[in-house]
Amino acid sequence: MMNSMTTETTVAIAVPLEAEFVERVRAVDPSVSVLYEPDLLPPERFPADHSGDPGFRRTPEQEERYWEMLGKADVLYGFPNENPAGLARIAKENPRLQWIHAMAAGAGGAVKASGLDAGTLNKFKVTTSAGVHALPLAEFAAMGILNGFKRTAELAQDQAEKVWPELRIPTRLVNGSSLVVTGLGEIGLETARIARALGMKVSGTKRSVEPIDGIEEVADNNGLAGLLASADAVVNTLPGTPYTEKLFNSEVFAAMKPGTVFVNVGRGTVVDEDALLEALENGQVAYACLDVFAVEPLPQDSPLWNHPRVMVSPHTSALSAAENRLIAERFCSNLRTFLEGGELPHLVDTVHFY
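Residues numbered from 1 in each chain as written. Predicted model: local features only at pLDDT ≥ 70, side-chain atom pairs only at ≥ 80, totals over all residues. Heavy atoms only, no water.

Another aspect to go through is the overall build of the protein. Counting its secondary structure elements, the protein contains 12 helices and 12 strands. The C-alpha radius of gyration computed for the protein amounts to 22 Å, which stays within 12% of the reference 20 Å derived for 354 residues, consistent with globular compactness. Judged by the C-alpha coordinates and their principal axes, the protein covers about 75 × 45 × 35 Å. The proportion of buried residues among the 354 residues of the protein is 50%. A fraction of 66% describes how many contacts in the protein between residues 6 or more apart in sequence connect residues 24 or more apart. Of the roughly 16800 Å² of accessible surface on the protein, 54% is carried by carbon and sulfur atoms. The protein carries 30 positive and 46 negative side-chain charges, and their two centres are separated by 2 Å. (Helix = DSSP H or I, 4+ residues; strand = E, 2+ residues; numbered from the N terminus. Rg over C-alpha atoms; globule rule 2.2 N^0.38 Å. Buried < 20%, exposed > 50% of the residue type's maximum accessible area, 1.4 Å probe, protein only. Contact = heavy atoms within 4.5 Å. Areas by Shrake-Rupley, 256 points an atom, 1.4 Å probe, with all protein chains shown as cover. Lys, Arg positive; Asp, Glu negative; His and termini not counted. Charge placed at Lys NZ, Arg CZ, Asp CG, Glu CD.)

It is worth spelling out the sheet that holds strand β7 (residues 201-205) at this point. Spatially, 7 strands are ordered β8-β7-β6-β9-β10-β11-β12 in an open sheet, and the strand pairing comes out parallel. Sheet topology places β8 (218-219) and β12 (310-312) at the edges, where each strand pairs with a single neighbour. Pairing between strand β9 (residues 233-236) and strand β10 (residues 260-264): 4 bridges, direction parallel. Across the sheet, asparagine 236 pairs through a bridge with asparagine 264, a residue of β10. (Pairing = 2+ DSSP bridges.)

This part covers the side chain of glutamine 62. You can see glutamine 62 is positioned in helix α2 (residues 60-71). From its side chain, glutamine 62 meets the backbone nitrogen of threonine 59 in a polar contact 2.9 Å long. Leaving out residues up to four positions away in the same chain, glutamine 62 has contacts with Asp39, Leu40 and Arg57. (Polar contact = N/O pair within 3.5 Å; in protein donor to acceptor, adjacent residues only side chain to side chain.)

What follows is about the nonpolar core. Ranked by size, the top nonpolar core spans 50 residues in total, and within it Val11, Ile13, Leu70, Tyr77, Phe124 and Leu335 carry the most contacts. Among the secondary structure elements, those contributing two or more residues to this core are β1 (9-13), α1 (19-26), β2 (32-35), α2, β3 (75-77), α3 (84-93), β4 (99-101) and α12 (323-339). Tallying contributions element by element places α12 first for this core, with 7 residues. The residues touching leucine 70, leaving out its near neighbours within four places in the chain, are Ala12, Ala14, Leu76, Pro80, Ile90 and Asn94. (Core = buried A, V, L, I, M, F, W, Y, C linked by side-chain atoms within 4.5 Å.)

Take unusual backbone geometry next. Here the bond from glutamate 296 into proline 297 is cis, since omega is -5°, no more than 30 degrees from zero. Take proline 297: it is sitting in the loop between β11 (285-290) and β12. Of note in this structure, lysine 246 is not a glycine but carries a positive phi near 50°. By secondary structure assignment, the location of lysine 246 is in the loop between β9 and α10 (250-254). The backbone of histidine 315 shows a phi angle near 50°, a positive value even though the residue is not glycine. Within the element layout of this structure, histidine 315 appears in the loop between β12 and α12. Overall, the relative accessible area of 34% leaves histidine 315 in the partly exposed class.

As structure tokens, this is what we get:
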């Protein structure tokens, strides 16, 4: 899609964003006009709180101004109200819309939940912030691996009970151990880089099987069980799609060797939680570090909350104080590509929704 440099491109900021980053968007090109009305956006409660304070309410007049502003945009920064319903509404109300940049890395789920048909979805592009979260997620995954190998759950329990064990139990060396990463995308490769720095041998899965520098073996999901047989730790980074639904089932957990450390920073739907609990009980999984769950927030009656060898993280491992800056930088780079008629990266696949 070629945009003449003389044609004005209107960008509307649909979600909370600091003024300094709005100015960066303005500075991309003189042909860019930015619509930004902070009083129409909910205040952030923490860095990169794209939904903002849930108690925030626009007056009817503000609500009208918000949708009027979004209706003038060629490009949107964020989904309206940061939800699928907002996406569905603007897609129908703004025929000039050409591109929306989503805050999430896994925005496919929200696009699917909007219920928009293929014809409508093909009228504009949706890009994600995939890759922006790779480093914080990879660092979190490394923490999960180290927690499992260094028995931090047992140490915390002993400390809480003021127990000084008579028999000293050795910890496991990460160096020389084997890691399997399911999903060798940007998050997976960043996890592999950190794991290799710790001395781990890394293999993993990818839909298109091809050699990857620094990765011992690459397989698709059909070859996952074979990779797991020799793995000491497993990190899942896969998105939630029909192809990944409950990929980690009883059969896959049974293919792991006893004592495996399991980390999930992808999507909760990729794991059959009953099968995971069973694997924790029978020792196939020694420790699980989970940032995502099949149902979020994790239901109060879930046994995962109280399991002595499970860390529950409330889907915050991607969050870092730098996130808004990183997303804004990604958007500015994409905007330059858009203005020059180039191919936008990280497009949501409107067939598989990832």
